[in-house]
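# Commentary on secondary and tertiary structure
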Amino acid sequence: MPPGATAGGIAVVIDVLRASTTMITALAHGAAAILPRPSIEEARAAAANLPGSLLGGERGGVRVTGFDLGNSPSEYTAPRVEDRLVVMSTTNGTAAIAACDDAAEVLVGAIVNRTVVAAAARRLAVAQGCDTIHIVCAGTDGAITSEDVLAAGAILDAASHDPAASNDLLDAAALAARDHFRILAAGGLQGLEERIAVAFRTSRGGENLIAVGMESDLPSAAAIDSFAVVPRLDRDGHRLVLLPSS
């Protein structure tokens, strides 16, 4: 993504396998906030100045040595994270958030919150007079990945059910992502999560997770609309907090 690409717009950052899914899960389970940091060193330094905080994240899909948590949604349970500040650094997701620093608002989206994040992005765009919503796919090592495109399509499909969607203008990439998701969803809601998980297994990110023994995270990331929360970047503390529902 070129510098300044999200300037003035609403950015919805997706790293469905797994950073955005994990961040949503952590906040849904009561984490006080998440501090995304691009590098391991920045994360360690931030946590050192925040007594009681947890360090979470990975490199190459594996928990960073010395960190309290990795990047699996299953680790971020209420007993583990409730009322705790989580400092997080991941291979791709936290870097994607940092790259959107010039956006008017930064939200975190995934399949698990696709309907509420679509509505929140539209609501913020109207409130702030923004005419552009950017769906930012973190990808892997700078390359676009099919799993993030699928998640983007799921969010765009949810957005299309809003009465205001008749005025939406989607670029070619957004149309392709939405149509790709709709093909997968054409069989109906029954079995949709399993079809998404199957698609994840053959994606680059999914293959990477399988290689490090984390295949069990794929169904969690495919759990469509399982959370009704939206992480929003609070500029004052540069931390992700829950966006109020209205």
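The preceding data block contains the structure.
On a predicted model such as this, the values are computed, not experimentally measured, just so you know.

A word on the overall build of the chain. Broken down by element type, the chain carries 10 helices and 9 strands. Computed over the C-alpha atoms, the radius of gyration of the chain is 17 Å, within 12% of the 18 Å expected from 2.2 N^0.38 for a compact globule of 246 residues. C-alpha atoms of the chain, sized along the principal axes, occupy 50 × 40 × 35 Å. Considering only intrachain contacts with a sequence separation of at least 6, the fraction spanning at least 24 residues in the chain is 74%. Taken together, the 18 basic and 28 acidic charged side chains of the chain have centroids lying 3 Å from each other.

Attention now goes to the pairing of strand 3 (residues 54-59). Counting buried positions over the 6 residues of strand 3 gives 5, a clear majority of the element. Sheet topology places strand 3 next to strand 5 (residues 85-89); 4 bridges connect them, and they run parallel. Of the residues in strand 5, the one forming a bridge with G57 is S89. One ladder, built from 2 bridges, connects strand 3 with strand 4 (residues 62-63); its direction is antiparallel.

In this structure, L107 and F200 are the most contacted members of the largest nonpolar core, which totals 65 residues. In terms of residues, this core owes the most to one element, helix 6 (residues 146-159), which gives 8 residues. Those residues in contact with F200 that sit more than four places away from it in its chain are V16, L17, I111, E147, L150, G206, E207, L218, A221 and A222. Of all hydrophobic cores here, the second largest spans 11 residues; its members include A33, I40, V64 and L85.

Of the pairings in the sheet, the one linking strand 8 (residues 231-234) to strand 9 (residues 239-242) comprises 4 bridges and is antiparallel in character. In the strand pairing of strand 9, L233 is matched with L240. Where strand 8 hands over to strand 9, the hairpin turn is made up of 4 residues, of which H238 adopts a positive phi near 45 degrees.

Mapped onto the elements, L55 comes out in strand 3. Sequence-wise, L55 and R84 are 29 residues apart; in three dimensions their C-alpha atoms are separated by 10 Å. Contacts of L55, omitting those with residues within four sequence positions, involve A43, R44, A47, F67, D68, L69 and V87.

Volume-wise, the largest pocket comes out at about 1,300 Å³. I133, H134, I135, V136 and A174 are, among the 45 residues lining the largest pocket, the residues nearest its centre. Elements with a contribution of two residues or more to the lining of the largest pocket: helix 4 (93-99), helix 5 (114-128), strand 7 (133-137), helix 6 and helix 7 (172-185). With 6 residues, helix 5 is the single largest residue contributor to the lining of the largest pocket. The class makeup of the residues in the lining of the largest pocket is 31 nonpolar, 8 polar and 6 charged. Its boundaries defined by the atoms lining it, the second largest pocket holds a volume of some 250 Å³. Considering the residues around the second largest pocket, the lining is formed by 16 residues, among which E58, G60, G61, N92 and N208 are closest to the centre. Looking at the lining of the second largest pocket element by element, the count peaks at 3 residues for helix 9 (residues 204-211). Of the residues belonging to the lining of the second largest pocket, the class tally is 2 nonpolar, 9 polar and 5 charged.

Applying the stated rule across the entire model yields 12 salt bridges. When the shortest N-O distance is used, the salt bridge between R201 and E194 registers 3.4 Å. If you follow the salt bridges from partner to partner, you end up with R114, D157, R182 and D225 in one network.

Within the secondary structure, T6 sits in the segment before strand 1 (10-14). With relative accessibility at 1%, the residue T6 sits in the buried group. Side-chain polar atoms of T6 contact the side chain of D102, separated by 2.8 Å. Setting aside residues no more than four positions away along its own chain, T6 makes contact with M1, A11, A99, C100, D102, A103, H134 and V136.

On to helix 2 (residues 40-48). Those residues of helix 2 that sit buried are I40, A43, A46 and A47. Angular distribution of buried residues about the axis of helix 2 spans 130 degrees; they occupy a single face of the element. Seen from the open side of helix 2, the exposed residues pointing more than 90 degrees away from its buried face are E41 and A48. Where the residues of helix 2 are buried, they touch strand 3 and strand 5.

Rules used throughout
Residues numbered from 1 in each chain as written. Predicted model: local features only at pLDDT ≥ 70, side-chain atom pairs only at ≥ 80, totals over all residues. Heavy atoms only, no water. Helix = DSSP H or I, 4+ residues; strand = E, 2+ residues; numbered from the N terminus. Rg over C-alpha atoms; globule rule 2.2 N^0.38 Å. Contact = heavy atoms within 4.5 Å. Lys, Arg positive; Asp, Glu negative; His and termini not counted. Charge placed at Lys NZ, Arg CZ, Asp CG, Glu CD. Buried < 20%, exposed > 50% of the residue type's maximum accessible area, 1.4 Å probe, protein only. Pairing = 2+ DSSP bridges. Core = buried A, V, L, I, M, F, W, Y, C linked by side-chain atoms within 4.5 Å. 1 Å grid on protein atoms, 1.4 Å probe; cavity = no way out; pocket = protein on both sides within 12 Å on 5 of 7 lines; lining within 4 Å. Points joined across faces, edges and corners; volume = space filled by probe spheres on them. Nonpolar A, V, L, I, M, F, W, Y, C, P; charged D, E, K, R; others polar. Salt bridge = Lys/Arg side-chain N within 4 Å of Asp/Glu carboxyl O. Polar contact = N/O pair within 3.5 Å; in protein donor to acceptor, adjacent residues only side chain to side chain. Arc of directions from axis to C-beta.

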